[in-house]
Amino acid sequence: MKFIPDRLKKGVIYVSYEYNTVIHLCACGCGNKVVTPITPIQWSYSYNGESISLSPSIGNWNFDCKSHYWVRDSQFVWAENWSEDKISKVQQNEQKEIIDFFEEKSERKEDGFITKIFKYLKMIN
Ligand SMILES: [Zn+2]
């Protein structure tokens, strides 16, 4: 799906190739819009022609519901709730990783070899 409509339907996962983004409404039904950017260090999705899976899990720590789940074969699969402590640690790490990634990316634009190694290292971690 190319365009993301203004109004999202419950239980539908919207994929924008144009913006490298996947959007859906929170699985708990709270109505919050969950935006997952598709980048080498954030989310990735796989599509098998029928259903879509997202990785890693979706943690809606910024919402009141704080729901945590996976998107597997176009289904929401509930994951365990995390403690406040774990959430804040993970958030800090993610933030740092994202900043590092984009700084690195803007510093070296045409660097096929190093980028490939970087991606490879990410995959085996
Ligand atoms: Zn929710």
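Please read these numbers as outputs of a predicted model, since none were measured by experiment.

**Student:** Please clarify how the coordination of the zinc ion should be interpreted in this entry.
**Tutor:** Around a metal, the ideal angle is 109.5 degrees if four donors adopt a tetrahedral arrangement and 90 or 180 degrees if six donors adopt an octahedral arrangement. Every protein donor of the zinc ion is accounted for by C26 (SG), C28 (SG), C30 (SG) and C65 (SG), and the metal-donor separations fall at 2.2 to 2.3 Å. Taken together, the four donor atoms surrounding the zinc ion define angles of 104 to 113° at the centre, an arrangement classified as tetrahedral. Read in sequence order, the donor residues for the zinc ion give the motif C-x1-C-x1-C-x34-C. Relative accessible area serves as the criterion here: at 2%, C26 is assigned to the buried category. Since its relative accessible area comes to 38%, C28 is described here as partly exposed.

**Student:** Would you explain the pairing of strand β7 (residues 75-78) in this entry?
**Tutor:** Along any regular strand the residues' side chains alternate between the sheet's two faces. In the sheet, strand β6 (residues 68-72) pairs with β7 via four bridges, with the strands oriented antiparallel. Within β7, the residue paired with V71 across the bridge is F76. Joining the antiparallel neighbours β6 and β7 is a turn of two residues, in which D73 adopts a positive phi near 50°.

**Student:** Sorry if this is basic, but what is going on with the pattern of salt bridges here?
**Tutor:** Where charged atoms of side chains with opposite charge meet at close range, the side chains can pair. Inspection of every chain in the model, using the stated rule, returns two salt bridges. A salt bridge links D85 to K89; its shortest N-O distance comes to 3.5 Å. With D85 and K89 both in helix α1 (residues 84-107), this residue pair falls four residues apart, about one helical turn. In this structure, the salt-bridge partner of K96 is D100, at a minimum N-O distance of 2.9 Å. Pair noted here: K96 and D100 are both in helix α1, with a separation of four residues, about one helical turn. You can call K96 exposed: its relative accessible area is 52%. Note on D100: relative accessible area 31%, which makes it partly exposed.

Thresholds, definitions, all that
- Residues numbered from 1 in each chain as written.
- Predicted model: local features only at pLDDT ≥ 70, side-chain atom pairs only at ≥ 80, totals over all residues.
- Heavy atoms only, no water.
- Donors = N, O, S within 2.8 Å, 3.2 Å for Na, K, Ca; no water.
- Tetrahedral: all angles 85-135°; square planar, octahedral: opposite > 155°, others 65-115°.
- Buried < 20%, exposed > 50% of the residue type's maximum accessible area, 1.4 Å probe, protein only.
- Pairing = 2+ DSSP bridges.
- Helix = DSSP H or I, 4+ residues; strand = E, 2+ residues; numbered from the N terminus.
- Salt bridge = Lys/Arg side-chain N within 4 Å of Asp/Glu carboxyl O.

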